[in-house]
Amino acid sequence: MSHTVEILSVGTELLLGSIVNSDAQALSRELSSLGLNVLYHSVVGDNPGRLKAAVELARSRADVIVTTGGLGPTCDDLTKQTLAECFGRKLVFHPECAREIKCFFARMGKEMTENNLQQAYLPEGCHILDNAWGTAPGCAFEAEGTYVVMLPGPPRECLPMFRERALPWLARLSEGVIRSRTLRVFGMGESAVESLLRERMNELTNPTLAPYAKEGEMELRITAKAGTTEEADALIAPVEAEVRALLGELVYGADVSGLPQVVLEAARERGLTLGTAESCTGGLIAKLITDVPGAASVFKGGVVSYHCEVKAGVLGVSQALLDEKGAVCAQVAGEMAQGARRALGCDLAVSVTGVAGPDPDEWGNPVGLVYTALAAPGGCWVKELHLAGTGGRRDRIRTLAANHALDMARRWLSGLDPAAEKR
């Protein structure tokens, strides 16, 4: 029997947009790895009537219901009570859960208020999911052909609890595994990639191949379902090889977080260091790099040279050049990268200067005109970009410019032409 899943996220704060529903995304990946088909995501506020209606709808279209949120000690934490009512189960006090809750507060050195013991009431006959990451235990049970798993909402508790506690309980439902391989692509737009691969994507059934647009780039996800991990990987391999043969050097990585990770790993392997000089991106490249754990072993630092005085005084860009052509030109981008390499004492340096908008600059340069450069052993390369046609938004222009600069470093580290035109 093939099992279908609905993830039901409980919390008014989700509906108000106060927090992002990252639990549902993470749980979908985990459930898919079990071979369980996640067909629905639902979000409902902290209202017993609406929650009950959402549960009844979920029961009508899925045989596995995974809830997140609403297991805490406050009056609006109503998930257990409502689910118990929907499935005709009483809430029963579990002394062992109460002891764990008290021990948690003792370890934290905090006084426990009595309302926290509400969390020790769970549906009668359930399988308890111990919470080593917080106070609210989860639970799981089967009723009338429906499998129910209740997890706390905070992501720092939800995901580890699923992996360590709920996944073993659900594993008996698994009829195989679902594996995905994600290829990251930079240098060709989503529509162009989709057009190139459309016929092949329509032909494939297992594995499947699907494009996903990301901010400033895109990814292709190959997904296979099989009896074992090895069998699924064997289905994925020839499709990955086919995609790589078609897109070539535009595929910059598989199952990686993004260009910053790829650049840092490649530089680390070669024992090289990296620096940045930024104008219109305002430090975005440095942020993207330092978002990657371990960046300090490669990244020396960056200069945000927003004003021409900084370009000249810190990076050593020619004042005569700035007076003659302004800050947005190929020569300035090149001198910024070379200046950053000198000032920071790094092996590679990327730079960006351009017009992010919303208006043209004082020299009449249009919105979207951007120059990126790479200074490295053996030379300096500059690219001229026209990014207004990509949507024209200031944030999108800055993101694309940062990615182009990182891709120049990626290409040089891979032995490719850093300034090659995209396809």
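Each chain has its residues counted from 1, running along the sequence as written. Under the rules for a predicted model, residues below a pLDDT of 70 receive no local features and side-chain atom pairs below 80 are neither given nor counted, while totals for whole chains, interfaces and linings still include all residues. Each side-chain value is derived from all of the structure's non-hydrogen atoms; neither hydrogens nor water enter the calculation.

(A) Region of interest: the nonpolar core. Joining through side-chain atoms within 4.5 Å is the link that ties buried Ala, Val, Leu, Ile, Met, Phe, Trp, Tyr and Cys residues into a set, and such a set is a nonpolar core. For the exposure calls, accessible area comes from a 1.4 Å probe over protein chains only, and a residue counts as buried if that area is under 20% of its type's maximum, exposed if over 50%, partly exposed in between. Ranked by internal contacts, the top residues of the largest apolar core, which has 49 residues, are Ile 285, Ile 289, Leu 374 and Leu 413. Secondary-structure elements contributing two or more residues to this core are helix H9 (259–270), helix H10 (284–290), helix H13 (330–344), strand E15 (348–354), strand E16 (369–376) and helix H14 (394–413). Whether two residues touch is decided by their heavy atoms; if any such pair falls within 4.5 Å, the residues are in contact. Those residues in contact with Ile 289 that sit more than four places away from it in its chain are Pro 260, Leu 264, Leu 274, Thr 276, Ala 295, Phe 299 and Leu 406. Grouped together as the second largest cluster of nonpolar side chains are 28 residues, Cys 97, Ala 98, Met 112 and Met 150 included. Secondary structure elements follow DSSP: runs of H or I of four or more residues count as helices, runs of E of two or more count as strands, with numbering from the N terminus.

(B) Seen up close, the environment of Gln 118. With respect to the helices and strands, the residue Gln 118 is situated in the loop between helix H5 (95–108) and strand E5 (121–123). Between the C-alpha atoms of Gln 118 and Thr 82, which are 36 residues apart in sequence, the distance is 14 Å. With sequence-adjacent residues up to four places away left out, Gln 118 is seen in contact with Pro 73, Thr 74 and Lys 80.

(C) The pattern of salt bridges, seen in detail. By convention in these notes, a salt bridge is any Lys or Arg side-chain nitrogen within 4 Å of a carboxyl oxygen on Asp or Glu. Enumeration over the complete set of coordinates arrives at 20 salt bridges. Among the ionic pairs, Arg 59 bridges to Glu 56, the shortest N-O distance being 3.8 Å. Placement of the pair is Arg 59 and Glu 56 together in helix H3 (residues 48–61), with a separation of three residues, close to one helical turn. In this structure Arg 59 comes out as partly exposed when scored by relative accessible area, which is 21%. Relative accessible area serves as the criterion here: at 34%, Glu 56 is assigned to the partly exposed category. Here the salt bridges do not stand alone but share partners, grouping Arg 181, Glu 240, Arg 244 and Asp 255 into one network.

(D) Examining the packing of aromatic side chains more closely. Two rings belonging to Phe, Tyr or Trp (six-membered ring only in the last case) form a pair when the distance between their centres is within 6.5 Å. Interplanar angles under 30 degrees mark stacking, angles over 60 mark edge-to-face geometry, and anything in between is tilted. All chains considered together, the criterion is met by four aromatic pairs. With 5.1 Å between their ring centres and 55° between their planes, Phe 93 and Tyr 121 make a pair best called tilted. Here Tyr 121 lies in strand E5 and Phe 93 lies in strand E4 (residues 91–93), a separation of 28 residues in the sequence. The exposure class of Phe 93 is partly exposed, given its relative accessible area of 35%. Aromatic side chains Tyr 147 and Trp 169 sit 6.2 Å apart centroid to centroid with 70° between the ring planes, which places their arrangement in the edge-to-face category. With Tyr 147 in strand E8 (residues 146–151) and Trp 169 in helix H6 (residues 155–170), the pair connects residues that are 22 residues apart, well separated along the chain.

Read these as layout, nothing more, since geometry by itself doesn't imply function.
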